[in-house]
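Observations on chain architecture
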Amino acid sequence: MRFNAFKIYVFASITNFADLLSSYLAFLHGYVELNGFMGMVHNSYLACVFSIIAFQVLISVVYFMARFYDRLSIINVVLGIAKVVVTVHNLSLIM
């Protein structure tokens, strides 16, 4: 079965950006970031940006490897779905 690695990469990138936007909206309502970068920068906005950048680098590396090994695209599908879950959680905090 042939996967379209680029479409999967775009899906994972869009869900990553949706996580960034929904996190920023949650920060406006008083919530804070709870990732490993928070201990270094002590700022929710910066910690969120650093985690989004790290995730984007990860899915980019997987995308470039998936161009040679087609089945690795499944990793980006899983990571994209994980970001959908995170975005839904952030939006549920706001409501």
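In short, a report on the structure.

Analysis parameters
- Residues numbered from 1 in each chain as written.
- Predicted model: local features only at pLDDT ≥ 70, side-chain atom pairs only at ≥ 80, totals over all residues.
- Heavy atoms only, no water.
- Patch = residues over 30% accessible without salt bridge, like charges linked within 9 Å, V, L, I, M, F, W, Y side chains within 5 Å.
- Areas by Shrake-Rupley, 256 points an atom, 1.4 Å probe, with all protein chains shown as cover.
- Salt bridge = Lys/Arg side-chain N within 4 Å of Asp/Glu carboxyl O.
- Helix = DSSP H or I, 4+ residues; strand = E, 2+ residues; numbered from the N terminus.
- Buried < 20%, exposed > 50% of the residue type's maximum accessible area, 1.4 Å probe, protein only.
- Phe/Tyr/Trp six-rings, centres within 6.5 Å; stacked < 30°, edge-to-face > 60°.
- Lys NZ or Arg CZ within 6 Å of the ring centre and 35° of its normal.

**Here we look at a nonpolar patch on the surface**
A surface patch of nonpolar side chains, about 510 Å² in accessible area, is lined by Leu46, Phe50, Ile53, Val57, Val61 and Met65. Examined against the element boundaries, Leu46 turns out to sit in helix α3 (residues 44-66). The exposure class assigned to Leu46 is partly exposed, which follows from its relative accessible area of 41%.

**Brief notes about the packing of aromatic side chains**
Taken as a whole and judged by the stated rule, the model has seven aromatic pairs. Aromatic side chains Tyr24 and Tyr45 sit 5.0 Å apart centroid to centroid with 75° between the ring planes, which places their arrangement in the edge-to-face category. Placement of Tyr24 in helix α1 (residues 5-28) and of Tyr45 in helix α3 is noted, with a sequence separation of 21 residues between them. Ring geometry for Phe27 versus Tyr45: centroids 5.2 Å apart, planes at 80°, classification edge-to-face. Taken as a pair, Phe27 in helix α1 and Tyr45 in helix α3 lie far apart in primary sequence, 18 residues in all. Judged by its relative accessible area of 9%, Phe27 is buried. In this structure an aromatic cluster arises from ring pairing among Phe6, Tyr9, Tyr63 and Phe64. One Lys or Arg, Lys83, reaches over the ring of Phe55 and ends 4.4 Å from the middle of that ring.

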